[in-house]
Amino acid sequence: MQRRALFALPLAAPAVASAQGRYPDRPIRLILPWPPGGSADSQLRSIAELASRELGQPVVIENRSGAGGTLHAVHLAREARPDGYTLGQMHLSVVRRPFLVRTPQWDATKDFTHIIGMTGWLFGIAVRADSPFQSFREMITYAKANPGKLSFSTSGIATSNHLAMEDIIAREGVEITHVPFRGASEGITAVLSGSVSMIADSSAWAGNVEAGQMRLLCVWSEERAPRFPNVPTLKEVGHDMVVTSPYGVSGPPRMDPGVVRVLHDVMHRGLMSPENTRVRAQFDMPLAYLNTEQYQDFIVRRAAYEQEIVTRLGIRME
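For the structure given in this document, a descriptive report is provided here.

## Things to note about the packing of aromatic side chains
Part 1 of the reasoning: Taken as a whole and assessed by the stated rule, the structure comprises 6 aromatic pairs.
Part 2 of the reasoning: Judged by centre distance (5.9 Å) and plane angle (55°), the ring pair of Trp205 and Phe228 falls under tilted. Within this pair, whereas Trp205 is found in the loop between strand S10 (198–202) and helix H8 (206–210), its partner Phe228 is found in the loop between strand S11 (214–219) and strand S12 (247–251), the two being separated by 23 residues in sequence. Residue Trp205 shares its accessibility class with Phe228, and that shared class is buried.

Rendered as structure tokens:
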């Protein structure tokens with residue numbers, strides 16, 4: 001009955017009786033592991049603003065960047081109280097990192113309460129506009145004939161886009177050099193300057209493609225991107241792969257189920273709102289909604305996949 005009442009009264013502040021009293025009765029902190037201004041920051045700030053209106057308490061964004069977007073994970077897993085007042089973005093680097101290091105500091109399947117899956121990113125491969133490669137296949141043909149002469153940039157070692165590109169390279173049997181940067185914008189600069197052959201990253205390249213400075217060879221989404229309808233997907237160029245690196249919101253382990261329900265419901269309404277839909281469209285972010293049970297299951301399955309691919313590709317962070 002409570003769940004139905006929450007959906008029936010979207011303007012009322014949801015609340016639940018918990019061990020700490022009525023929830024929420026003070027501000028909620030949502031930690032984002034990136035600097036301000038990016039796509040995930042914009043999307044989750046929109047969620048926080050919408051949730052604040054409905055909860056009657058502010059959802060305060062705290063940007064805590066570093067360690068490849070995993071600096072906040074130890075705090076959530078080991079230090080924060082499971083009272084619903086400290087939350088954080090959950091993304092695949094947090095799930096993957098334990099398989100990349102000798103001494104893991106958390107287990108994503110056990111050390112968090114996963115609340116809701118939300119969205120992901122549009123990834124793709126782009127070259128400079130004057131590149132001789134008009135298509136993905138032309139690029140691969142050249143790479144096969146010229147081992148090691150091409151290079152690709154990403155936003156870091158062992159990111160989703162880096163692993164996906166290494167997987168593509170292995171499937172094609174080619175040699176292309178990885179050049180990691182701290183962010184996609186640096187990779188774009190490197191491609192435009194000619195120091196790197198291509199970028200394999202999220203849609204930070206979109207404006208440059210639309211401006212005619214870069215050419216998009218493929219996108220990694222399930223279907224062609226509405227913004228770039230003439231650009232094929234990975235499936236269309238020969239690889240049965242979809243890479244969107246979906247993310248969501250999680251909290252410390254052992255959170256009260258009633259608190260989790262309140263947070264899920266209010267964030268779900270925010271995710272489906274016209275305001276957040278506009279933000280996602282602005283950054284070409286595909287909807288990847290999963291409810292609490294589905295998101296918990298996704299993390300378990302994804303952790304197994306991440307362990308397999310990291311082991312298969314032999315990638316380590318130390």
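That was the structure; now back to the text.
## Digging into the sheet that holds S11
Part 1 of the reasoning: Strand order in the open sheet formed by 5 strands is S9-S8-S10-S7-S11, with mixed pairing between adjacent strands. Edge strands, defined here as strands with exactly one partner in the open sheet, are strand S9 (176–180) and S11. Each strand axis lies, on average, 30° off the axis of its neighbour in the sheet, ignoring direction.
Part 2 of the reasoning: With 5 bridges connecting them, strand S7 (residues 123–128) and S11 associate as antiparallel partners. Looking across to S11, one finds that Ala126 is bridged to Leu216.
Part 3 of the reasoning: Sheet strands in contact with helix H6 (residues 160–172) are S7, strand S8 (150–154), S9 and S10, and its direction is about 155° off that of S8.
Part 4 of the reasoning: Docked against the sheet, helix H7 (residues 184–193) engages S7, S8, S10 and S11, running at close to 160° with respect to S10.

## A look at the packing of helix H9 (residues 257–272) against helix H10 (residues 274–282)
Part 1 of the reasoning: Viewed as axis vectors pointing N to C, H9 and H10 meet at an angle of 60°, and their least axial separation amounts to 5 Å. The orientation of H9 relative to H10 falls into the category oblique. Residue-level contacts link Gly270, Leu271 and Met272 of H9 to Pro274, Asn276, Thr277 and Arg280 of H10.

## Comments concerning the pairing of S7
Part 1 of the reasoning: Burial analysis of S7 places 5 of its 6 residues in the buried class, the great majority of the element.
Part 2 of the reasoning: In this structure, S7 lies alongside S10, joined through 5 bridges in antiparallel fashion. Pairing of Ala126 across the sheet is with Ile199, part of S10.

## A short note on the side chain of Ser202
Part 1 of the reasoning: Relative to the assigned elements, Ser202 resides in strand S10.
Part 2 of the reasoning: Overall, Ser202 belongs to the buried group, its relative accessible area being 15%.
Part 3 of the reasoning: Those residues in contact with Ser202, other than ones at most four positions away along the chain, are Trp121, Leu122 and Phe123.

Reading the values: the criteria
Residues numbered from 1 in each chain as written. Predicted model: local features only at pLDDT ≥ 70, side-chain atom pairs only at ≥ 80, totals over all residues. Heavy atoms only, no water. Phe/Tyr/Trp six-rings, centres within 6.5 Å; stacked < 30°, edge-to-face > 60°. Helix = DSSP H or I, 4+ residues; strand = E, 2+ residues; numbered from the N terminus. Buried < 20%, exposed > 50% of the residue type's maximum accessible area, 1.4 Å probe, protein only. Pairing = 2+ DSSP bridges. Axes fitted to C-alpha atoms, helices over the stretch in contact; angles between N-to-C directions. Contact = heavy atoms within 4.5 Å. Parallel < 35°, antiparallel > 145°, perpendicular 65-115°, else oblique.

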